[in-house]
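Structural features, examined
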Amino acid sequence: MEINGINSGAGISKVIPANGASGANGINPSVQPGKSGNFFEELVGKVSDLQAQADDKIKNMVTGDSKELHEVMMAVEKANISFQFLTQVRNKALDAYQEIMKMQV
Amino acid sequence: MDFFTSMDVSSSGMTAERTRMNLISSNIANANSTRTPEGGPYKRKDPVFAAVPATAGFNAVLDRNGNANLKKVEVTQIREDQSPPRLQYDPTHPDADAQGYVALPNVNVIEEMADMVSATRAYEANVTAAQAAKSMATKTLDLLR
């Protein structure tokens with residue numbers, strides 16, 4: 001009897017693909033390295049962008065270039081929410097990983 | 001993310017109300033200014049708000065979330081009140097005319113105060129909307145917890 005459901009079922013390998021792991025016995029069959037599979041990296045990049053934007057807005061505010069206080073608040077809030085989202089996704093992925101590691105073989 | 005769109009719309013509302021507040025401050029500050037660079041007394045200024053599409057250009061066409069109908073607010077014009085100036089009899093004033101009347105700005109401070117309350121409340125409403133969008137987003141994140 002063949003057990004291969006875990007390959008397609010465990011979404012963790014799609015979210016955080018281990019670099020170069022795709023060769024190891026088909027752990028990662030659906031994700032091609034170097035293609036758009038690395039969702040997590042993209043997410044981190046977007047969150048980082050939003051934080052850089054918030055930083056820029058704060059800098060412009062304190063140097064007096066901009067006087068739009070609410071836009072600074074909005075940018076910070078956006079960065080905050082997206083960072084919370086990132087940490088939630090990361091927590092969920094780690095939970096799934098730990099759940100699998102705890103599994104009795 | 002769509003929550004951010006509603007925060008942007010609220011942000012545009014705050015910008016508009018802040019512009020309005022600036023104009024009200026200007027009106028109150030100049031309630032007694034008899035001279036302007038353009039000549040004559042200061043004229044009361046009023047913003048004109050207009051609804052503009054929140055998502056512009058190609059993105060609006062491709063938008064499937066109904067954001068095509070979403071409108072931001074923008075101050076398109078600052079209107080000068082053309083009503084006649086208040087005339088006050090004060091022959092010693094340097095800006096008095098031949099009959100001894102001084103043309104004072106057409107600003108009614110009481111009206112400006114009422115407008116100010118309205119602008120403050122409208123700004124607060126925008127802040128509340130932005131906060132609600134934020135709490136919706138964080139509540140959604142709680143789903144994953």
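Residues numbered from 1 in each chain as written. Chains lettered and ligands numbered in written order. Predicted model: local features only at pLDDT ≥ 70, side-chain atom pairs only at ≥ 80, totals over all residues.

1. Looking at the overall build of chain B
What counts, and what does not: Only runs of H or I of at least four residues qualify as helices and only runs of E of at least two qualify as strands under DSSP, and these elements are numbered from the N terminus. Radius of gyration: over C-alpha atoms. The globule rule applied is 2.2 Å multiplied by the number of residues raised to the 0.38 power. In this scheme the burial state of a residue depends on its C-beta neighbours within 10 Å: 20 or more other such atoms mean buried, 12 or fewer mean exposed, and anything in between means partly exposed; the C-beta positions come from the backbone. We call two residues in contact when the distance between their C-beta atoms, placed using the backbone, is within 7 Å.
If you tally the helices and strands in chain B, you get 3 helices and 4 strands. Along chain B, from the amino end to the carboxyl end, the secondary structure elements read α-β-α-β-β-β-α. What you see for chain B is a C-alpha radius of gyration of 22 Å, clearly larger than the 15 Å of a compact globule of 145 residues, by over 25%. Across its three principal axes, chain B shows a C-alpha extent of roughly 75 × 35 × 20 Å. Expressed as a percentage of the 145 residues in chain B, the buried residues total 20%. Taking all contacts inside chain B whose residues are at least 6 apart in sequence as the whole, residues at least 24 apart take part in 65%.

2. Let's talk about the interface of chain B and chain A
When the parts come together, some accessible area is lost, and that loss is often what is quoted as the size of the interface. How we decide: Note that Gly is not counted as nonpolar here; it falls among the polar residues with everything else outside the nonpolar set of Ala, Val, Leu, Ile, Met, Phe, Trp, Tyr, Cys and Pro and the charged set of Asp, Glu, Lys and Arg.
The interface is formed by 11 residues belonging to chain B together with 11 residues belonging to chain A. In terms of residue class, the side of chain B that touches chain A is made up of 7 nonpolar, 3 polar and 1 charged.

3. With respect to the packing of helix α4 (residues 69-101) of chain A against helix α3 (residues 109-142) of chain B
Cut-off, in case you're wondering: Angles here are taken between N-to-C directions and fall from 0 to 180 degrees, while the axes themselves are lines fitted to C-alpha atoms, restricted in helices to the stretch in contact. With respect to orientation, any angle under 35 degrees is reported as roughly parallel, any angle over 145 as roughly antiparallel, any angle of 65 to 115 as roughly perpendicular, and every other angle as oblique.
Taken N-terminus to C-terminus, the directions of α4(A) and α3(B) make an angle of 10 degrees; their axes are 10 Å apart at the nearest point. The angle between α4(A) and α3(B) falls in the class roughly parallel. On the side of α4(A), the interface is formed by A:Met74, A:Glu77, A:Ile81, A:Gln84, A:Phe85 and A:Gln88, while α3(B) contributes B:Ala130, B:Lys134, B:Ala137, B:Thr138 and B:Leu141. Classifying every residue of the contact of α4(A) with α3(B) gives 6 nonpolar, 3 polar and 2 charged.

4. A few points about α3(B)
The criterion, for reference: Here the expected span of a helix is defined as 1.5 Å times the quantity of residues minus one.
Between its first and last C-alpha atoms α3(B) spans 49 Å; for 34 residues at 1.5 Å apiece the expected length is 50 Å, and the two agree. Looking only at α3(B), the buried set comprises B:Ala119, B:Asn126, B:Ala130, B:Ala133 and B:Ala137.

5. Comments concerning the nonpolar core
Note the threshold: A set of buried residues drawn from Ala, Val, Leu, Ile, Met, Phe, Trp, Tyr and Cys, joined through C-beta atoms within 7 Å, is what defines a nonpolar core.
Residues A:Leu50, A:Ala54, A:Met74, A:Ala75, A:Ala79, A:Ile81, B:Phe3, B:Met7, B:Ala130, B:Ala133 and B:Ala137 constitute the largest nonpolar core, which totals 11 residues. Mapped onto this core, the elements with two or more residues apiece are α3 (39-62) and α4 of chain A together with α1 (2-29) and α3 of chain B. Sorting elements by how many residues they give to this core places α4(A) first, with 4 residues. Excluding residues that lie within four positions of it along the chain, B:Phe3 makes contacts with B:Ala133, B:Met136 and B:Ala137.

6. Regarding the packing of α4(A) against α1(B)
Across the interface, α4(A) lies against α1(B) with an axial gap of 10 Å and an inter-helix angle of 170 degrees. One finds that α4(A) runs roughly antiparallel with respect to α1(B). Residue-level inspection shows A:His70, A:Glu71, A:Met74, A:Glu77 and A:Lys78 of α4(A) in contact with α1(B), the latter providing B:Phe4, B:Met7, B:Ser11 and B:Met14. The residue inventory of the contact of α4(A) with α1(B), partitioned by class, reads 4 nonpolar, 2 polar and 3 charged.

7. Thoughts on the confidence of the model for chain A
All names here are of chain A. Convention followed: As a per-residue quantity, pLDDT reports the predictor's confidence and falls between 0 and 100.
Considering every residue of chain A, the mean pLDDT works out to 77; 65% of them sit at 70 or more. Of all helices and strands in chain A, the one with the weakest mean pLDDT is helix α1 (residues 5-9) (48), whereas α4 scores best (92). Here residues 20-29 is a poorly scored stretch, pLDDT under 50, and it has 10 contacts once near neighbours within four places are set aside; other chains count.

8. Examining α4(A)
Compared with an ideal rise of 1.5 Å per residue, which puts 33 residues at 48 Å, α4(A) spans 48 Å between its outermost C-alpha atoms and is within 8% of the ideal. When α4(A) is considered as a whole, its buried residues turn out to be A:Met74, A:Ala75, A:Glu77, A:Lys78, A:Ala79, A:Ile81 and A:Ser82. At its buried positions, α4(A) is contacted by α3 of chain A together with α1 and α3 of chain B.

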